[in-house]
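Close look at the chain arrangement
Below are the chains, spelled out letter by letter.
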Amino acid sequence: MNWQKRSLARRSTLSFPAIEELISQHEVVLLPIVDGLLCWRLRDEAGLFDWLERQHQADGFAQARIKAEWLARRRSGTGGDAHVSLPQIHEVLSELMPEGKITVEIEQEAAGRFLLPDPAMRTLLETARTAGRRVVGLNVHPLPLAYLDDLLKQGGLELDGLHEPQASSDRASFLASIAPMEQVEPVAMLHVGSSETTETEAAISAGMTALSMRSRSEDLQDHPPSFAVPVEGPAAAFIAGKLALNTPLSEAEETPIYQLGYLLGGPILLGFCLDLMQRLGNGGDGSVAVSAQAARLVKQGLEIMGAKQATLSRLVIADGIGGGHSGDGPAGFLIDWSEMDDTSAILLQGSEILDFLFSVTPQMAGIASARRAAGKLDAQGGTLDFLRHASADLAELDADAFRTTNRAALMRLLMAPSEAERSALATVPTSQTGTLADCVEPRQVAANTALPPDTELLRLNQTLRDLLPRDLVRLAESGALAGLDWRQELRKNPFKIGRWATLRRYQRRLEDRLRNRLNGGA
C-alpha cells in the first residue's frame, strides 16, 4: 500500500479497503475543496495571513484577519456557522484596520500561490473515479468557487460538479440542499468532511453517510516528523509548507535521516545557494571558494535552482579545506567564523551534523560503509529534494531569512533534541565508538538531585538573580522559576535566544549549587 493510502487510513481511522467499500456503496462522493482536495502549502491558513503581514509590512494584519472572519460569520445571526465571502470579511477588516493595504485581490492571489493538490486526496478522487462514482466538490471557504475551480483544473483535479452555500446560509442547510441538485437520495451520498463534530452531525442530519477526514495540516500536527520544523521565523512558514505538501515525511518509507536532510539540510543548502547566486550574480570577475567535500552538493543545488553556467564557472573548489568545518560552505553560512560569539560557539557543536549532511565523502576512513548504511545517501537525497520542491518559488526567498531560521533550527536540535531526534542521530556513526547523537546536548542531571527546602531554594534564587532578565526575576521571587525547563522554553521560542540561554545558564548554576550542597560543600 502506498503512502497516500496509508495517510488516508490514518486521517480517517478506517483502513483503506474499508474506505473503498464505503465508496462502492454510494453513487455520489462529496469532497471538500479547501483543506481537502487542495491543501495549504503552509502550516495552515493562519500561515497565509502571517506571510501577507510580513510581505506587505502590515503589522497586526494576521490577528485582525482572523478576528474579521469570526465577526463576519456572526453578523448574519447563524451562531458563527454562516458562509461568508472574502469581500464580506474584508468589509469587516476595513473597520478593524482602516489604513490596511491588503485587499481582497491581494489575499486571493496569495491564497492561489499556497493552495495546491493534496496527494492523498487525489488518490481518494482517483479511487472514486475507478469505481465509477460521481465526484462533487464542496466549497465552504470564503474564496470564490470559480477561482477554486481554476486551481483544481490547474492541478489536474477534474470533478463532476461543484457546489457552495448561498450567502449567510449555515452548513446544515447547505448540505440538505445538495441531494435535490444532484438528483439522488441523500442516502446515496458519501460526505467526506473535516474532523469537526458540527460538520459530521450536519451531514448525518441531511441523511448522508459521513466520513470524517482530518486535513493534511491536522495530520502533520498529530504525526510530526522525527526532526521538528521551526515554529516561527522569517522562513519557517515556507519550510513547513514544503513539508506539508511535497513529501510524506511522517510515513515509514522516509527514514529519519532523510527527514534530517529535508528539514535541516535542505533549508540550509537553499539559503547558502541563494547567497551564492546573489554574490555571483552581481557581475565582475570574482569567484567564491567552496570546500571540496561540499562542492558537489552545492553545484547540484545551484543547478536545481537554475543557476547559469557562467555562475557555476565562478565557483572555486578549495581542495585543502575540510567539509562541515569550513567557512567556505553551508556551515560557514550559519557560523560566524570571524567573531565567535556564544551562538556561533553553540552552532560549532553541530559541525559533525553539517559535515554528515553536506560532504560527499565521509571524513573518517573505515566507517564509510557504516555511514552510508545509516542513511547518508538518504540525508543528501532529502536535502536536494527540498531544493527541487522549492525551485518554483525562489523569487520570494531571502538568504538572510533562511540564515536566521536555520540557525535557530540547528540550535534547537543541538540544545533540546527530542527522544526521536536523539535516536535517529544515534544510528549514524562518526567514529568507531561515537555517533552523531554525541553532538547534541547531554541528558539532564540524574533525578536523584533533590531540591532543597523552599527557604534554601529562595536563597539560591536570590544569589543568582543577577543572571536573569526582569520577567524571570519576578518568577524567581514567586517561586515559579523552579518549574520552568529551558529546553521547553527553547522549543516554544527558539528565536528568543537571550531568554532560554540565560535560563539555561541560571539552571545549571543552580544544579551546581545543589550538587555541592548534597556533597557536603558550600
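Residues numbered from 1 in each chain as written. Predicted model: local features only at pLDDT ≥ 70, side-chain atom pairs only at ≥ 80, totals over all residues. Heavy atoms only, no water.

1. Observations concerning the overall build of the protein
When you go through the protein residue by residue, the secondary structure sums to 26 helices and nine strands. The 522 residues of the protein split such that 52% are buried. Counting contacts in the protein only where the partners sit at least 6 residues apart, residues at least 24 apart contribute 74% of the total. Summed over all atoms, the accessible surface of the protein reaches about 23,100 Å², with 49% contributed by carbon and sulfur. (Helix = DSSP H or I, 4+ residues; strand = E, 2+ residues; numbered from the N terminus. Buried < 20%, exposed > 50% of the residue type's maximum accessible area, 1.4 Å probe, protein only. Contact = heavy atoms within 4.5 Å. Areas by Shrake-Rupley, 256 points an atom, 1.4 Å probe, with all protein chains shown as cover.)

2. Quick look at the environment of Lys299
Summarising the element assignment, Lys299 is placed in helix α14 (residues 292-304). Given a relative accessible area of 31%, Lys299 falls into the partly exposed group. Beyond its immediate sequence surroundings of up to four residues, Lys299 is in contact with Leu312, Leu315 and Ile317.

3. A few points about the packing of helix α13 (residues 256-280) against helix α21 (residues 399-415)
In a packed pair of helices, the relevant descriptors are the angle between the two axes and the axis-to-axis distance. Following both chains from N to C, one finds α13 and α21 inclined at 150°, their axes separated by 9 Å at the closest point. With respect to the hand of their crossing, α13 and α21 are arranged in left-handed fashion. The segment α13 lies against α21, with Leu260, Leu264, Pro267, Ile268, Leu270, Gly271, Leu274 and Asp275 engaging Ala399, Phe402, Asn406, Ala409, Leu410 and Leu413. Looking at the contact of α13 with α21 residue by residue, the class counts come to eleven nonpolar, two polar and one charged. (Axes fitted to C-alpha atoms, helices over the stretch in contact; angles between N-to-C directions. Left-handed = near helix turned anticlockwise from the far one by under 90°. Nonpolar A, V, L, I, M, F, W, Y, C, P; charged D, E, K, R; others polar.)

4. Overview of the packing of aromatic side chains
Per the counting criterion, the structure on display carries three aromatic pairs. Considering the side-chain rings of Tyr262 and Phe386, the 5.3 Å spacing of their centres and the 80° angle between planes classify their relative orientation as edge-to-face. Remark: Phe386 occurs in helix α20 (residues 376-390) and Tyr262 occurs in helix α13; sequence separation between them is 124 residues. Exposure class is identical for Tyr262 and Phe386. Each is buried. Three or more aromatic residues link up through ring pairs in this structure, and these residues are Tyr258, Tyr262 and Phe386. (Phe/Tyr/Trp six-rings, centres within 6.5 Å; stacked < 30°, edge-to-face > 60°.)

5. Describing unusual backbone geometry
In the Ramachandran plot, Asp35 falls in the positive-phi region, its phi being about 60° despite a non-glycine side chain. Looking at where Asp35 falls in the secondary structure, it is placed in the loop between β1 (28-32) and β2 (38-40). With relative accessibility at 35%, the residue Asp35 sits in the partly exposed group. The backbone of Gln183 sits at a positive phi, close to 60°, despite the residue not being glycine. Counting through the fold element by element, Gln183 comes out in the loop between α9 (171-182) and β6 (189-193).

6. A word on the packing of helix α3 (residues 45-55) against helix α6 (residues 104-114)
Viewed as axis vectors pointing N to C, α3 and α6 meet at an angle of 120°, and their least axial separation amounts to 10 Å. Taken as axis vectors, α3 and α6 run oblique relative to one another. Both α3 and α6 take part in a crossing whose hand is right-handed. In this structure, α3 uses Leu48, Phe49, Trp51 and Leu52 to contact α6, whose residues at the interface are Ile106, Glu107, Ala110, Ala111, Arg113 and Phe114. Residue classes in the contact of α3 with α6 are distributed as eight nonpolar, no polar and two charged. (Parallel < 35°, antiparallel > 145°, perpendicular 65-115°, else oblique.)

7. Some details on the pattern of salt bridges
Counted according to the given criterion, the structure contains nine salt bridges. One salt bridge in this structure joins Arg129 and Asp160, with 2.8 Å as the shortest N-O distance. On the criterion of sequence distance, the pair formed by Arg129 in helix α7 (residues 119-130) and Asp160 in the loop between α8 (145-154) and β5 (161-163) is long-range, its members being 31 residues apart. Classification of Arg129 by relative accessible area gives partly exposed; the value is 33%. By relative accessible area, which is 33% here, Asp160 ends up partly exposed. One continuous salt-bridge network, built from bridges that share partners, spans Arg65, Glu69, Arg73 and Glu107. (Salt bridge = Lys/Arg side-chain N within 4 Å of Asp/Glu carboxyl O.)

8. Quick look at the nonpolar core
Counting residues in hydrophobic clusters, the biggest one holds 65 residues, and the most contacted among them are Leu264, Leu270, Ile353 and Leu425. Both of domain 2 (224-439) and domain 3 (447-521) provide at least three residues apiece to this core. Once you skip the residues sitting within four places of it in the chain, Leu264 turns out to touch Gln259, Ile353, Leu357, Ala409, Leu410 and Leu413. The next biggest cluster of nonpolar side chains, apart from the first, holds 52 residues, and it includes Leu38, Leu48, Val104 and Met213. (Core = buried A, V, L, I, M, F, W, Y, C linked by side-chain atoms within 4.5 Å. Domains from an automatic or database assignment.)

9. Considering the confidence of the model for the protein
Averaged over every residue, the pLDDT of the protein is 76; residues scoring 70 or more account for 68%. Low pLDDT, under 50, characterises residues 320-326; the predicted model gives this stretch 21 contacts beyond four residues in sequence or across chains. Considering only residues more than four positions removed or in separate chains, one finds that residues 443-468, a stretch of pLDDT under 50, has 44 contacts. (pLDDT = per-residue confidence, 0-100.)

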